[in-house]
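Here is how the chains run, residue by residue.
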Number of protein chains: 2
Amino acid sequence: MPKIVDHARRRDEIAFVACRVVAKYGFEQATIVRIAREAGYTTGMVAHYFDTKQEIVIAALRLILRRIEHRLTRPPDAGGEPDLLALLTEALPIDAARFTECAFWTAFWGQVAADKRLKSINSRMHRAYMQLFERCLARGWPQWSRWSPETQQRVLRSVVTFLNGLTASTVASPGDWPAARQIEQLRLHLSMVETWADHAAPDGAEKRVRARR
Amino acid sequence: MPKIVDHARRRDEIAFVACRVVAKYGFEQATIVRIAREAGYTTGMVAHYFDTKQEIVIAALRLILRRIEHRLTRPPDAGGEPDLLALLTEALPIDAARFTECAFWTAFWGQVAADKRLKSINSRMHRAYMQLFERCLARGWPQWSRWSPETQQRVLRSVVTFLNGLTASTVASPGDWPAARQIEQLRLHLSMVETWADHAAPDGAEKRVRARR
């Protein structure tokens, strides 16, 4: 029987190895040769799936997005309400696999300012993440739909900025951010944001301003 | 008359060029040759001040810390209370010079996980920044000294994580974060943290637990 290779699966496999290699050696040192070696393939085999390192990086970014999307949109246990803290914790570097994803992202951010092609890739990925987190907040906060669009956008920016900050801080100083501390600090952030949006957000004032325009 | 060169000043000058070069070309592409060229010096001249690229990077990190420290600890205008939002805004990428500093930091974070020597440099710098921001919050919030040490640490971690998140988010997606939006989102964060620390922090419960130990 001829050997059947699942091409999509092998692309994912190489992309995930690339993610590990970037996390371990940094963005520039993650060459196709090194990625191939770590994956146990020849460079020629990898070239069969990807023409350039940039293609591998894009595949790795998409793979991580898919993995995070899968974890953030899973149905709640036993049909209950989705637990927002548990959902968002999935995006934090709380274990080895998630640390690798976050270290890859941090390495990528560190390279974006210096690379025009990465900038446009990043802005597409960024929009996808914002939509994903918005859906996640809308699921996790029953009162989300009662907040004004302005309040929703501020809440979304606040939560995503905080998650990005925890990602970069933990990747740079892992000793300062054991998993329990990351989760506790995220819990505090979500509770502060929720209190503000429920009680202090200037929705009334904004609505009046909009009505007058 | 012999030409008198201020060595400390020239080291700073080269370190600042290094910061610009890292922000522009990325961490790995910022070679001594490139830094020397951008500074208008020969490689030999730069080697007179720094033995390795790592030394230049450390000098650049120290220079940025000194600059931010200078801006964050300046006396308030006209003898009034220091304005915390205005102070902390100094650490954000709100203009070209500060964007360069933040892009340098983001590039550095992106490299830390892959480089053991950078890890120990980072942990020293990280402690210095935490102390600087702690002094800044203690100056800017009159009620700081009334908060328990646990509340102070949570507030400090929340503010620094948020600043790091704004730094990384803006460097990666500058179009999404014009200066006014960064400042508005930081203002919101400070106000949420303050409300929580003044009213909702479980200090009483914590103090009772500590007393029983």
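Residues numbered from 1 in each chain as written. Chains lettered and ligands numbered in written order. Predicted model: local features only at pLDDT ≥ 70, side-chain atom pairs only at ≥ 80, totals over all residues.

Caption draft 1: The arrangement of the overall build of chain A in detail. Scanning chain A for helices and strands turns up 10 helices and zero strands. Ordering the α and β elements of chain A from the N terminus gives α-α-α-α-α-α-α-α-α-α. By principal-axis analysis of the C-alpha atoms, chain A measures approximately 65 × 45 × 40 Å. When the 213 residues of chain A are sorted by exposure, 39% land in the buried category. The contacts in chain A between residues at least 6 apart in sequence include a share of 65% that link residues at least 24 apart. (Helix = DSSP H or I, 4+ residues; strand = E, 2+ residues; numbered from the N terminus. Buried ≥ 20, exposed ≤ 12 C-beta atoms within 10 Å, placed from the backbone. Contact = placed C-beta atoms within 7 Å.)

Caption draft 2: Representation of the nonpolar core within the structure. In this structure, Ala18, Ala60 and Phe104 of chain A together with Ala18, Ala60 and Phe104 of chain B are the most contacted members of the largest nonpolar core, which totals 121 residues. Both domain 1 (1-72) and domain 2 (80-213) of chain A contribute no fewer than three residues apiece to this core. (Core = buried A, V, L, I, M, F, W, Y, C linked by C-beta atoms within 7 Å. Domains from an automatic or database assignment.)

Caption draft 3: Spatial organisation of the relation of the copies chain A and chain B. For the pair chain A and chain B, the best superposition has an RMSD of 0.0 Å and corresponds to a rotation of 180 degrees with a translation of 0.0 Å parallel to the axis. The two molecules are tied by a two-fold rotation axis, judged by turn and shift. Distance from the rotation axis, computed per C-alpha, reaches its smallest value in chain A at Gly165 of chain A: 1.7 Å. Most of the interface of chain A is mirrored in chain B, where 100% of its interface residues again form contacts. (Least-squares fit on C-alpha atoms with pLDDT ≥ 70 in both.)

Caption draft 4: Representation of the confidence of the model for chain A. Residue and element names in this part refer to chain A. When pLDDT is averaged along chain A, the result is 89; 91% of the residues meet or exceed 70. The element-level mean pLDDT for chain A is lowest in helix H10 (residues 203-212), coming to 49, with helix H8 (residues 149-172) highest at 96. Taken together, the stretch residues 204-213 has pLDDT below 50 and engages in three contacts with residues farther than four places along the chain or on a different chain. Reported confidence for the predicted complex is 0.88 by ipTM and 0.89 by pTM. (pLDDT = per-residue confidence, 0-100.)

Caption draft 5: Main features of the environment of Trp141 of chain B. Residue and element names in this part refer to chain B. Inspection of the secondary structure puts Trp141 in the loop between helix H7 (116-140) and helix H8 (149-172). Judged by the 20 C-beta atoms lying within 10 Å of it, Trp141 falls in the buried class. Residues Trp141 and Thr106, 35 residues apart in the sequence, show an inter-C-alpha distance of 28 Å. In this structure, Trp141 is in contact with Leu84 and Glu194, ignoring residues within four places of it in sequence.

Caption draft 6: Here's a closer look at the interface of chain A and chain B. Taken residue by residue, the interface counts 39 residues in chain A and 39 residues in chain B. At the level of elements, helix H1 (7-25), helix H6 (96-112), helix H7 (116-140), H8 and helix H9 (179-200) of chain A are the ones that each hand at least two residues to the side of chain A that touches chain B. Looking at which element gives the most residues to the side of chain A that touches chain B, the answer is H8 of chain A, with 12 residues. Looking at the side of chain A that touches chain B residue by residue, the class counts come to 18 nonpolar, 16 polar and five charged. (Nonpolar A, V, L, I, M, F, W, Y, C, P; charged D, E, K, R; others polar.)

Caption draft 7: Geometry of the domain arrangement of chain A. All names here are of chain A. If you check the domain split of chain A, you get domain 1 (1-72) and domain 2 (80-213). Elements that contribute at least two residues to the side of domain 1 that touches domain 2 include exactly H1 and helix H4 (53-72). The greatest single-element share of the side of domain 1 that touches domain 2, amounting to 10 residues, is contributed by H4. Taken together, the residues that form the side of domain 1 that touches domain 2 break down as 11 nonpolar, two polar and three charged.

Caption draft 8: Representation of the packing of H8 of chain A against helix H9 (residues 179-200) of chain B in the model. Taken N-terminus to C-terminus, the directions of H8 of chain A and H9 of chain B make an angle of 80 degrees; their axes are 11 Å apart at the nearest point. Comparing their axes, H9 of chain B and H8 of chain A come out roughly perpendicular. Of the residues in H9 of chain B, those touching H8 of chain A at Arg154, Arg157, Ser158 and Thr161 of chain A are Gln185, Leu188 and His189 of chain B. Broken down by class, the residue content of the contact of H8 of chain A with H9 of chain B amounts to one nonpolar, four polar and two charged. (Axes fitted to C-alpha atoms, helices over the stretch in contact; angles between N-to-C directions. Parallel < 35°, antiparallel > 145°, perpendicular 65-115°, else oblique.)

Caption draft 9: Fine view of helix H4 (residues 53-72) of chain B. Residue and element names in this part refer to chain B. Its 20 residues place the ends of H4 28 Å apart at the C-alpha level, agreeing with the 28 Å of an ideal helix rising 1.5 Å per residue. Buried within H4 we find Ile56, Val57, Ala60, Leu61, Leu63, Ile64, Ile68 and Leu72. Along H4, the residues classed as buried sweep out an arc of 160 degrees about the axis, all on the same side. Within H4, the exposed residues directed more than 90 degrees away from the buried face are Arg66 and His70. (Expected span 1.5 Å × (residues − 1). Arc of directions from axis to C-beta.)

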